[in-house]
Amino acid sequence: MALALALALLLTACGGTGVQGTPGGAGLRDPYFPKAGNGGYDVSHYDLTLAYTRDGDRPHLTGTATITARATQDLSAFDLDLKGMTVGKVTVDGTGARWNRTGQELTVRPRDDLDKGGTFRVTVRYSGTPETITDPDGSREGWLPTSDGALALGEPTGSMAWFPGNHHPSDKATYDLAVTVPQDLRAVSNGEPTGETTTQGRTTSTWHTAEPMASYVATLAIGHYTVRRSSTPDGLPVYVAVDPAEDRASRKVLARIPEVMKWAESVFGPYPFSSTGAVVDHAPDVGYALETQNRPVFPGAPDTAFLVHELAHQWYGNSVTPKTWRDMWLNEGFATYAEWLWSEDHGGDTAQQTFDALYDDGENTYEDLWSFPPAEPTSAAHLSDSPVYQRGAMVLHQIRRAVGDDTFRAIVRGWHTTHRHGNADTADFTAYVEKQAPGEDLDAIWADWLYGEGKPAKR
């Protein structure tokens, strides 16, 4: 009895309260990127202060990231995703914290456990040459050097190359970014510009993103851009940054941004963000565009269909964001179908004609079109293959045929309204459609077109 009492007193003196934190999970077990993201907390805000220099072909980035988060469990430690770079110091709520690194995991051990439900701030100071990441499909992301600067592109996991965070689409946050570059360069990011100053040959630009944003659509573009500011007839700010080498070729298409936005709002509903625009770089080696929030990035002058696709993503992908990478078709199927609808509404092929051409002869254009169902890509290497895009759009067209135009238009608008600035998965979508069309039997569409193997029978 006396020994037990003494032991209890000792535990109390050492801080034992009966509740001990446990480490947050390293990775969220995403079906395709199991190490992406981390458990035990939810980020609400990123405050990034960056300085960019370049010595010949070697870029250097110095950064301070302050991350505001809420603990979703009692935490003794938690992880951040950061690939490459050198970490100099980590603090939690202003107090130095122990940390170590294994691969892309930066494990932080605060001096005191963090209580479930409590808000905390972790600050990471880091520097180095950011990495270019090669995806499973062979494309490159992360930090992409260009002839006069860099593009930071993050789908699916590349944002961890230039700032630490919870890099999974299920954890969205607001952002503030201040970036300092040589004064002959411009730095463009998401959201709206909030200031610019030049001192001793270097210019600092600040950007604020007020709406929640998944880290994979965060961007930083550094280069010799011509920046134009205007607004749509409804007063929505438009910020366009164009590499001079692409200015002439892109000017006509970019001038259509207000027209595309007006059309998109008529189809998809109110625009979910506080500005729009585009970044057009001269980066032919990048090989793809990305729907970075507020202003998609193009590696060269886009055509109108390309612009429509990336702006449609602002509703579907950026505002309604997938819960996991398995739900990628909800991004790309919608954006691809937006191209079909634009064509239909502007004197081109109808969506039915586009569907028929794909069904009858699509494998000659997309040889992998029927290789897997859009809702179940075979691996991470195939997340951006044509079944996710083209067959994803075909699923939406089959829904339209089943429920009729009026109900379909209501579904398209209502889906975004219901999940605006949130996350959703395929099960959420099918349940939503069935609720909006209670008299329709949609089982065959889900079984044959969404999840079915091979080429479905044409009905």
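Scope of this entry: the structure provided in the associated data block. Just so it is clear, the structure is predicted and the values come from calculations on it, not from any experiment.

### Details of the nonpolar core
Reasoning step 1: Counting residues in hydrophobic clusters, the biggest one holds 130 residues, and the most contacted among them are Phe78, Trp162, Leu220, Phe268 and Ile399.
Reasoning step 2: Per-element tally for this core: the top contributor is helix H5 (residues 329-345), with eight residues.
Reasoning step 3: When neighbours within four sequence positions are excluded, Phe78 is seen to be in contact with Gly24, Tyr41, Val92, Leu106, Thr107, Val108, Pro110, Leu114, Phe120 and Val122.

### A short note on the sheet that holds strand E4 (residues 75-81)
Reasoning step 1: One open sheet accounts for four strands, arranged E1-E4-E8-E7; its pairing is mixed. Each of the sheet's edge strands pairs with one partner strand only, and the pair in question is strand E1 (22-23) and strand E7 (98-102).
Reasoning step 2: For E4 and strand E8 (residues 105-109), the ladder comprises four bridges, and the chain directions are antiparallel. Looking at E8, one finds that Asp79 is bridged to Thr107.

### Structural notes on the pairing of E8
Reasoning step 1: Along E8, four of the five residues are buried, which leaves the element largely enclosed by surrounding structure.
Reasoning step 2: With five bridges connecting them, E7 and E8 associate as antiparallel partners. Within the sheet, the bridge partner assigned to Trp99 lies in E8 and is Val108.
Reasoning step 3: A loop of two residues connects E7 with E8, the two strands running antiparallel in sequence, and Gly103 in this loop sits at a positive phi of about 60°.

### Topic: the packing of helix H3 (residues 257-268) against helix H8 (residues 405-419)
Reasoning step 1: Across the interface, H3 lies against H8 with an axial gap of 8 Å and an inter-helix angle of 100°. Comparing their axes, H8 and H3 come out roughly perpendicular. Each of Glu265, Ser266, Val267 and Phe268 in H3 lies in contact with H8, whose residues at this interface are Arg409, Val412, Arg413 and His416.
Reasoning step 2: A per-class count over the contact of H3 with H8 returns three nonpolar, two polar and three charged.

### Quick word on the side chain of Arg391
Reasoning step 1: Note that Arg391 resides in helix H7 (residues 386-403).
Reasoning step 2: Among buried Asp, Glu, Lys and Arg side chains, Arg391 stands out as unpaired, with Glu453 the closest opposite charge at 6.5 Å.
Reasoning step 3: Of the polar contacts made by the side chain of Arg391, one reaches the backbone oxygen of Trp449; its length is 3.2 Å.
Reasoning step 4: The residues contacting Arg391, other than those within four sequence positions of it, are Leu369, Trp370, Phe372, Pro373, Pro374, Ser386, Asp448, Trp449, Gly452, Gly454 and Pro456.

The rules behind these values
- Residues numbered from 1 in each chain as written.
- Predicted model: local features only at pLDDT ≥ 70, side-chain atom pairs only at ≥ 80, totals over all residues.
- Heavy atoms only, no water.
- Core = buried A, V, L, I, M, F, W, Y, C linked by side-chain atoms within 4.5 Å.
- Buried < 20%, exposed > 50% of the residue type's maximum accessible area, 1.4 Å probe, protein only.
- Helix = DSSP H or I, 4+ residues; strand = E, 2+ residues; numbered from the N terminus.
- Contact = heavy atoms within 4.5 Å.
- Pairing = 2+ DSSP bridges.
- Axes fitted to C-alpha atoms, helices over the stretch in contact; angles between N-to-C directions.
- Parallel < 35°, antiparallel > 145°, perpendicular 65-115°, else oblique.
- Nonpolar A, V, L, I, M, F, W, Y, C, P; charged D, E, K, R; others polar.
- Lys, Arg positive; Asp, Glu negative; His and termini not counted.
- Salt bridge = Lys/Arg side-chain N within 4 Å of Asp/Glu carboxyl O.
- Polar contact = N/O pair within 3.5 Å; in protein donor to acceptor, adjacent residues only side chain to side chain.

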